[in-house]
Amino acid sequence: MVSLRAGERAGAALRTAHLLRIDSYMDIAILAMWTASPRVDAMLGMAEASLRGGSPGGKDDELIEKLRALVREGREYLAGGDFSVAMGRMRVAHDLLSLHIIRLSDE
Amino acid sequence: MEHDIEALTGGAMASIWSWVRAKIPAGVEVFDAHAHIGTDVDGRTMTGDGMRERMEAAGVKKSIVFPLNDPNARDDFSGPNDVVWRAYEEYPSSFVPFFRLNPHLDYDREFSRCVERGFMGLKLHPVSQEFELDDPRVVRLFGMAAETDLPILIHTGFAMQRIVEPLLPTVEAHPGLRLILGHCAMVEVLSATRAFEGHPNVLFETSVVQAKDLYELCCSVDPSRICFGSDIPYGDLPSTLHSILAAAEAAGVPEEALPGILSENIRRWFP
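Cut-offs applied
Residues numbered from 1 in each chain as written. Chains lettered and ligands numbered in written order. Predicted model: local features only at pLDDT ≥ 70, side-chain atom pairs only at ≥ 80, totals over all residues. Helix = DSSP H or I, 4+ residues; strand = E, 2+ residues; numbered from the N terminus. Rg over C-alpha atoms; globule rule 2.2 N^0.38 Å. Buried ≥ 20, exposed ≤ 12 C-beta atoms within 10 Å, placed from the backbone. Contact = placed C-beta atoms within 7 Å. Core = buried A, V, L, I, M, F, W, Y, C linked by C-beta atoms within 7 Å. Nonpolar A, V, L, I, M, F, W, Y, C, P; charged D, E, K, R; others polar. Expected span 1.5 Å × (residues − 1). Pairing = 2+ DSSP bridges. Axes fitted to C-alpha atoms, helices over the stretch in contact; angles between N-to-C directions. Parallel < 35°, antiparallel > 145°, perpendicular 65-115°, else oblique. Left-handed = near helix turned anticlockwise from the far one by under 90°.

### Topic: the overall build of chain A
And then number 1: The number of helices and strands found in chain A is four helices and zero strands.
And then number 2: Going residue by residue from the N terminus, the α and β elements of chain A occur as α-α-α-α.
And then number 3: For chain A, the C-alpha radius of gyration of 15 Å lies close to 13 Å, the compact-globule estimate for 107 residues.
And then number 4: Once the C-alpha set of chain A is aligned to its principal axes, its extents read approximately 50 × 30 × 20 Å.
And then number 5: Here chain A, with 107 residues, has 39% of them falling under the buried criterion.
And then number 6: Put simply, of all contacts in chain A between residues at least 6 apart along the chain, 63% involve residues at least 24 apart.

Right, here's the structure in full:
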């Protein structure tokens, strides 16, 4: 049996799967913000958690690094009561991710 | 915090904002087709001064503005409509004033008052005012707007469940009626582009729409039918400009079409 670690594979399918996971957690976090869910901070924490570690083969690390910074600042601004600034960062992070996945599907 | 461009464009947003600024073609006077002034039942507010400061900081020249879902709307939105009108009187070169109505209630008097006063369009929100787009009272209102050549911006974004099917008969009955689909009919974006493709007086407005929806929009309709919006105070100018510019680039929209999306397509109606 061959043991495969995510870091050793970087096919488009695995890269897409990894990014789709993050996209789902972003969706949940942003919806929690729009609907003022009492669990919004935990949802943002899940989105942050999904961004930890390297991407498969490290091929999407540059993007993920950008997303980490945006989500971290978004969570901080929301905790400080600035919804608009927080939402701006989350929306940009989500958009960068979505368009990256779309481009990856065409490679 | 009503307006803080530093927070909106600093930190992790700094490189994003630089990209946006570089992407806006030189000489383009950005026109925001969707923004609010007033107070909402959810507590959000925006003043005319606050709106102007945001526009200046982000390099936006003109904005369509209309009331939020105001707790002081009473029966006819006359109070919130007056707030928008006062902002317009203070900054006539910056704002294009739209008024808002509740189609459930007696709207004839406020419609006439606002048209006579010089309001340049009408905003309708099917979710906040809880109506369907094929409700007879709404269809009558569409007819009144067509008769007076008054553009209408309809919320077709978050929480909408029926858009194309109830709206298409009105668009077909009034081909001259100028409609702005706020948030670009996002849940039905592909069927909306197909249904309204042959109706050049229907524009797709982009505020707070996800880039993947905007990608599909940009791939499916001529760019001359797309106009930028921010939805301030729910959205902000840097992130909403990023959404449409990034989606347009990914969709292969030619650079020559960007002035239209950012300004000229909506400016044709409000020179």
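Anyway, onward from the coordinates.
### Some remarks on the overall build of chain B
And then number 1: If you tally the helices and strands in chain B, you get 11 helices and 10 strands.
And then number 2: The C-alpha radius of gyration of chain B comes to 17 Å, within 12% of the 18 Å expected for a compact globule of 271 residues.
And then number 3: Projected onto the principal axes, the alpha-carbon positions of chain B cover approximately 50 × 40 × 30 Å.

### Some points on the nonpolar core
And then number 1: With 111 residues, the main nonpolar core has Val65(B), Phe99(B), Leu181(B) and Ala247(B) as its most contacted residues.
And then number 2: Here Val65(B) is in contact with Ala35(B), His36(B), Ile37(B), Met51(B), Val84(B), Ala87(B), Phe95(B), Pro97(B) and Phe98(B), once residues within four sequence places are set aside.

### A few points about the interface of chain B and chain A
And then number 1: In this assembly, 22 residues from chain B lie in contact with 18 residues from chain A.
And then number 2: Those elements that provide at least two residues to the side of chain B that touches chain A are α1 (5-9), α9 (211-220) and α10 (237-250) of chain B.
And then number 3: The biggest single contributor to the side of chain B that touches chain A is α10(B), with seven residues.
And then number 4: A breakdown of the residues in the side of chain B that touches chain A according to their chemical character gives 14 nonpolar, five polar and three charged.

### Considering helix α1 (residues 12-34) of chain A
Residue and element names in this part refer to chain A.
And then number 1: With 23 residues, α1 should reach 33 Å at 1.5 Å per residue; the first-to-last C-alpha distance of 32 Å fits that figure.
And then number 2: Residues of α1 that are buried include every one of Arg15, His18, Leu19, Ile22, Met26, Ala29, Ile30 and Ala32, and no others.
And then number 3: Looking at the buried positions of α1, the neighbouring elements they touch are α2 (40-50) and α4 (83-105).
And then number 4: Taken from the residues just after α1, alanine 36 is the one with a positive phi, measuring 50 degrees.

### Describing the sheet that holds strand β6 (residues 121-124) of chain B
Strand pairing in a sheet takes place through backbone hydrogen bonds and is either antiparallel or parallel in direction.
All names here are of chain B.
And then number 1: Across the sheet, which stays open at both edges, the eight strands sit in the order β1-β4-β5-β6-β7-β8-β9-β10 with parallel pairing between neighbours. If you trace the sheet from one side to the other, it starts and ends with β1 (30-36) and β10 (226-227), each paired once.
And then number 2: Sheet analysis places β1 next to strand β4 (residues 60-66), joined by five bridges and oriented parallel. Across the sheet, phenylalanine 31 pairs through a bridge with lysine 62, a residue of β4.

### Observations concerning the packing of helix α3 (residues 61-79) of chain A against α4(A)
Residues and elements named next belong to chain A.
And then number 1: Relative to each other, α3 and α4 sit at 160 degrees, their axes nearing to 7 Å. Our classification of the angle between α3 and α4 gives roughly antiparallel. Considering only the axes of α3 and α4, their crossing is left-handed. Facing α3, whose interface residues are Leu63, Lys66, Leu67, Leu70, Val71, Glu73, Gly74, Tyr77 and Leu78, α4 presents Phe83, Val85, Ala86, Arg89, Met90, Val92, Ala93, Leu96, Leu97 and His100.
And then number 2: Of the residues belonging to the contact of α3 with α4, the class tally is 14 nonpolar, two polar and three charged.

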